[in-house]
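A look at the structure
This is what each chain is made of:
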Amino acid sequence: MTTRFVKALMTSAVIGMSAASAASAAECIAPANPGGGWDFTCRQIGKIMYDIGAVDKPVQVTNMAGGGGGLAYNYVVAERGDDADLMVAASSATTTRLAQDAYAGMTADQVRFVGAIGADPGVIVVANDSPFNTLTEMVDAIKADPGSVAFAGGSAVGGFDHLKPLMLLQRAGFTDITKVKYIGVDGGADAITQTIGGFTQAMTGDMSEIIGFLNAGEVRVLAVLTEERIPGFDDIPTAKEQGYDVVAVNWRGLYVPKGISDEEFNVWADRLQQVADSAEWKEAMAANGLAPFTKVGVDFQDYVDQVVAEIRKLSIDIGVIQ
C-alpha cells in the first residue's frame, strides 16, 4: 500500500508535464523469470532506449513470473492502470492466453498494445544427446506412441508454445492431440532446462530463448518454424522444408496501461519506433535470431485485435478450448 501511495504522489507531481519529459525512470515488467523471451524483450529494448537517448534514465526491469504472464497482467490492470512510466513485455503468447481466457477473465482491451519490433521464430529443440536427429523422427515416434515424447514450453497449457507441436502433428495427420504431453513452465529458460535435464524429451519455444544453450552445444534444433532459414543459423532446417507447412513466429513487443493518455501512448510508440530504427536493435536481432517485424502504435493494436480473434478460432478448431 505504501509503495502504491508513493507512486501515486510521484505521478501527481508530474501532472502537466509530457511523458517524454517526466523525471521518473521508466520501468519494464518482464512477466517471467530472468533468462526467457520476455526478460530479453525488457532488457534489450530498455537498454537501447537509454543508449540512444529515447529515455533519459536507465530503464528498471522487474521480473514478475506467474500464471504465464497473468500475474503481471492482472497487476498492471488493477494497480498500475494509469502509470505512464510503465511498459510490459508482451508476445504472441500474451495474445494467445487472452484469446483463450487464460488470465482469469482478463481481456485484451484492458491494456494498450503499443508495438512489436521483432519476430522470434518458433523452434522445436532437443537435448544434444537426444535420439531424435530430425523432426520426422520425432513426429513418427509420437504417432507410434503419443506418450513417449513430452514437450516443455514457456507458455501455459493451450498457450502459443503448446500450439506449435500440435500444429505440426496436425499437418502430419495426427489428430488425437489430447494424448500429446506438454509441461508449461514460467519462461523459456525453465523449459530448456527441463529438456537438457532429461525431464522432457523436447522443448517448444522461441529462437532467442535457446541461443546460449545452442552456442554451448547443449541442444539441437530439429526445426525452425519460419518461411525460410534464419540468416546466421543457416544450418537449421525449417519445418516447411521437412514437409510440415507450419509457420509460427512470436512477435516481441510491449503493452502499456490502458489509462494513460493518447499523448503518453504516442510517446511510448515513438520510443519503440526509435529502437526499431536503431543500428543497436538490428545488431540485437541478428545476434539473437530475430526477424524484422515492425508494427507500432494504433496499427499494432488493430493487429492484436485480429490475432486474438484468429487464435481463439484456431484453439477451438484443435480442441484446446470449447
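Residues numbered from 1 in each chain as written. Predicted model: local features only at pLDDT ≥ 70, side-chain atom pairs only at ≥ 80, totals over all residues. Heavy atoms only, no water.

Take the overall build of the protein next. Scanning the protein for helices and strands turns up 11 helices and 10 strands. For the protein, the spread of C-alpha atoms along the three principal axes comes to 65 × 40 × 35 Å. The proportion of buried residues among the 322 residues of the protein is 55%. Sequence-distant contacts in the protein: of pairs separated by 6 or more residues, those separated by 24 or more amount to 78%. If you average the places of the 23 positive and of the 40 negative side-chain charges in the protein, the two averages end up 3 Å apart. (Helix = DSSP H or I, 4+ residues; strand = E, 2+ residues; numbered from the N terminus. Buried < 20%, exposed > 50% of the residue type's maximum accessible area, 1.4 Å probe, protein only. Contact = heavy atoms within 4.5 Å. Lys, Arg positive; Asp, Glu negative; His and termini not counted. Charge placed at Lys NZ, Arg CZ, Asp CG, Glu CD.)

Take the pairing of strand β3 (residues 86-91) next. Summarising burial for β3: six of the six residues are buried, a large majority. Residue alternation in β3 divides its side chains into two sets, L86, V88 and A90 and M87, A89 and S91, and both sets are buried. In terms of strand pairing, strand β1 (residues 27-30) meets β3 through three bridges, oriented parallel. Paired with E27 across the two strands is L86, which belongs to β3. In this sheet, strand β9 (residues 249-257) lies alongside β3 in antiparallel orientation, the contact comprising four bridges. Of the residues in β9, the one forming a bridge with A89 is L254. (Pairing = 2+ DSSP bridges.)

At a minimum axis separation of 9 Å, helix α2 (residues 37-51) and helix α9 (residues 262-277) run at an interaxial angle of 90°. On the basis of the axis angle, α2 is roughly perpendicular to α9. Note on element contacts: α9 touches α2 through W268, R271, L272 and V275, opposite I45, I48 and M49. (Axes fitted to C-alpha atoms, helices over the stretch in contact; angles between N-to-C directions. Parallel < 35°, antiparallel > 145°, perpendicular 65-115°, else oblique.)

Turning our eyes to something else, we now look at the confidence of the model for the protein. With 93% of its residues at a pLDDT of 70 or more, the protein shows a mean pLDDT of 88. Ranking the elements of the protein by mean pLDDT puts helix α1 (residues 2-13) last with 36 and β1 first with 98. Note on residues 1-23: pLDDT is under 50 here. Beyond four places in sequence and across chains, it has 17 contacts. (pLDDT = per-residue confidence, 0-100.)

As a further point, take the packing of α9 against helix α10 (residues 279-287). For the pair α9 and α10, the least separation of the axes is 5 Å and the interaxial angle reads 65°. With respect to each other, α9 and α10 are oriented roughly perpendicular. Taken together, the residues of α10 that come into contact with α9 (itself represented by V275, A276 and D277) are A279, W281 and K282. Of the residues assigned to the contact of α9 with α10, the class counts are four nonpolar, no polar and two charged. (Nonpolar A, V, L, I, M, F, W, Y, C, P; charged D, E, K, R; others polar.)

So, about the domain arrangement of the protein. Domain boundaries assigned for the protein yield domain 1 (27-119 + 250-318) and domain 2 (121-242). Measuring from the centre of the C-alpha atoms in domain 1 to the corresponding centre in domain 2 gives 24 Å. Taken residue by residue, the interface counts 27 residues in domain 1 and 24 residues in domain 2. For the pair domain 1 and domain 2, the two sides together bury roughly 1,800 Å², of which 57% comes from carbon and sulfur. Run the count over domain 1 and domain 2 and you get two salt bridges. With a closest N to O distance of 4.0 Å, R252 and E209 form a salt bridge. (Domains from an automatic or database assignment. Buried area = accessible area lost by both parts, 1.4 Å probe. Salt bridge = Lys/Arg side-chain N within 4 Å of Asp/Glu carboxyl O.)

A word on the side chain of R80. Tracing the backbone shows R80 in the loop between α3 (70-79) and β3. Of note is the side chain of R80, whose polar atom sits 2.7 Å from the side chain of E27. Among the polar contacts made by the side chain of R80, one reaches the side chain of D83 at a distance of 2.8 Å. (Polar contact = N/O pair within 3.5 Å; in protein donor to acceptor, adjacent residues only side chain to side chain.)

Tracing the chain through its elements places K258 in the loop between β9 and α9. Measuring from C-alpha to C-alpha, the distance between K258 and I196 comes to 40 Å, with 62 residues separating the pair along the chain. The residues touching K258, leaving out its near neighbours within four places in the chain, are G81, D109, Q110, V111 and R112.

Covalent bonding between the sulfur atoms of two cysteines defines a disulfide. Evaluated as defined, the whole model comprises one disulfide. Covalent S-S linkage joins C28 and C42, the inter-sulfur distance amounting to 2.0 Å. On the sign convention where negative is left-handed, the bridge of C28 and C42, at about -75° about the S-S bond, is left-handed. With C28 in strand β1 and C42 in helix α2, this pair connects stretches of sequence that are 14 residues apart. Across this residue pair, the class does not change: C28 and C42 are buried. (Disulfide = S-S within 2.5 Å.)

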